[in-house]
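The primary structure of each chain is shown beneath.
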Amino acid sequence: MKHIKRTATAVALAASALLVSACSSGTAPGTAENVADGKPIVNKENWPKKVPTRGLVKDLSLPLEAYMPSYEDQVTVEQAANDLQQSCMKDYGIDLTLPLAGANPPPSDNDANIERRYGITDRAEAEKYGYELPPALQEHTRQPMRDLSDVEVEVLTGHTRPEPVEALQGAKAGEPFAGPGQSVRPARAEYNGKKLKAEGCIGWSKDRLGVQEADPLVVAELAGDSLVQSMKDDRVVKAFAAWSSCMDGKGHTGLADPYKAMDRGVTDDGEPSQESIALAVDDIDCKERTDLVKIWFGVESAIQNKQIADDKSRLTGIKEQHGKEVAAARKQVAASAR
């Protein structure tokens, strides 16, 4: 299952090392050809709906989603952080334009990934794309951004440029990418006669917005636990068996659950084949015939309601903290727009 994980912090404050990696490679993270093709850089029409409007999960929302940041809120915090970082860099005499937030939306509004949490659920999309994402969600809008000098990296991040590493997942060979435990040194004490922030402009922007990095992970972990628990429930196990039998009858044998169908149906090149489309359509039809999604959602909702009741105080605190972060971010974005 391709579970999309986007925490508020990850979206709001691009990890300094990731940003350094993108800014210090020979190729900038954005190029003009994608920005100048007449399409808006940030197209809200491609943003995920807060609650699905079609398919087998239409109008469904899990209890824990009330404690997860929406994509819109994540974008607001990210843009506020970008604005603050640009302002901070300017205080040191450095002009830096960061990419606009919200240009490359995920398939789901939050960590629940409800659209594909129980496998694929949208028949209209399955008929066109099989198990693949729609083209609009596979495109990547690239925004121009210049390379950063070593001192600019220090002012931005509060540490030196990480040493190059080879074959690190997600990085080109030799590209500076700060992975876990990778060696960096503290930044110089000052630049242009001004003392550097303890964690650079990125850390400063996080402090200004009051972002709590651990909060979104707490909710995401609870949601992961509820999904695992739900799959062991007798009602869900029975529904899996009924769905599997239905798939057998359509010629798709050996599929114990919808995730196995997704594994089989995803193509290597990302282009849906007639076979994968047929599998996807039958998958959804069998889900509908056996009420699998309805049963599974009901079981997991009950599990999550218990999780919430058992940890109400902490979750309420997380929700209130998130509200404060978004309020601060909206205020900052509005101020930057003036």
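So, how was this worked out
- Residues numbered from 1 in each chain as written.
- Predicted model: local features only at pLDDT ≥ 70, side-chain atom pairs only at ≥ 80, totals over all residues.
- Heavy atoms only, no water.
- Helix = DSSP H or I, 4+ residues; strand = E, 2+ residues; numbered from the N terminus.
- Buried < 20%, exposed > 50% of the residue type's maximum accessible area, 1.4 Å probe, protein only.
- Contact = heavy atoms within 4.5 Å.
- Areas by Shrake-Rupley, 256 points an atom, 1.4 Å probe, with all protein chains shown as cover.
- Axes fitted to C-alpha atoms, helices over the stretch in contact; angles between N-to-C directions.
- Parallel < 35°, antiparallel > 145°, perpendicular 65-115°, else oblique.
- Nonpolar A, V, L, I, M, F, W, Y, C, P; charged D, E, K, R; others polar.
- pLDDT = per-residue confidence, 0-100.
- Core = buried A, V, L, I, M, F, W, Y, C linked by side-chain atoms within 4.5 Å.

**Section: the overall build of the protein chain**
(1) Moving on: Helices and strands together make up the secondary structure of the protein chain, namely 15 helices and two strands.
(2) Moving on: Taking all 338 residues of the protein chain together, the buried fraction comes to 49%.
(3) Moving on: Restricting to contacts in the protein chain with at least 6 residues of sequence separation, those with at least 24 account for 79%.
(4) Moving on: Counting every atom, the protein chain has about 16800 Å² of accessible surface; 51% of that belongs to carbon and sulfur.

**A few points about the environment of serine 245**
(1) Moving on: Within the fold, serine 245 resides in helix H11 (residues 234-249).
(2) Moving on: Residue serine 245 is classed as partly exposed on the basis of its relative accessible area, which comes to 47%.
(3) Moving on: Linking serine 245 and cysteine 286, residues 41 residues apart in sequence, is a C-alpha distance of 8.9 Å.

**A look at unusual backbone geometry**
(1) Moving on: Although it is not a glycine, aspartate 59 adopts a positive phi angle of roughly 65 degrees.
(2) Moving on: Looking at the element boundaries, aspartate 59 is found in the loop between helix H3 (32-35) and helix H4 (71-91).
(3) Moving on: A positive phi angle, near 60 degrees, is found at aspartate 291, a position not held by glycine.
(4) Moving on: Summarising the element assignment, aspartate 291 is placed in the loop between helix H13 (274-290) and helix H14 (292-310).

**Remarks on the packing of helix H8 (residues 150-157) against helix H9 (residues 200-209)**
(1) Moving on: As a packed pair, H8 and H9 sit with axes 2 Å apart at the nearest point and diverge in direction by 20 degrees. With respect to H9, the element H8 is oriented roughly parallel. Taken together, the residues of H9 that come into contact with H8 (itself represented by Val155, Leu156 and Thr157) are Gly200, Cys201 and Ile202.
(2) Moving on: Its residues assigned to classes, the contact of H8 with H9 shows four nonpolar, two polar and no charged.

**Regarding the confidence of the model for the protein chain**
In low-pLDDT segments, the atomic positions of the prediction should not be examined closely.
(1) Moving on: Mean pLDDT over the protein chain stands at 86; residues scoring 70 or higher make up 83%.
(2) Moving on: For residues 1-34, every residue scores under 50 in pLDDT, and the model assigns this stretch 91 contacts once sequence neighbours within four places are set aside.
(3) Moving on: Residue range residues 167-177 is modelled with pLDDT below 50. Its contacts to residues more than four positions away, or to other chains, number 26 contacts.

**Quick look at the nonpolar core**
(1) Moving on: Grouped together as the largest cluster of nonpolar side chains are 42 residues, with contacts concentrated most on Leu64, Tyr118, Trp296 and Leu315.
(2) Moving on: Of all the elements in the fold, those that place two or more residues in this core are helix H10 (214-232), H11, helix H12 (258-265), H13, H14 and helix H15 (312-337).
(3) Moving on: Ranked by the residues each element gives to this core, the list is headed by H14, at seven residues.
(4) Moving on: Apart from residues lying up to four places away in sequence, leucine 64 is in contact with Val219, Leu222, Ala223, Gln304, Gln307, Ile308 and Leu315.
(5) Moving on: Counting residues in each nonpolar core, the second largest holds 15 residues, with Tyr92, Ile94, Met145 and Ala187 among its members.

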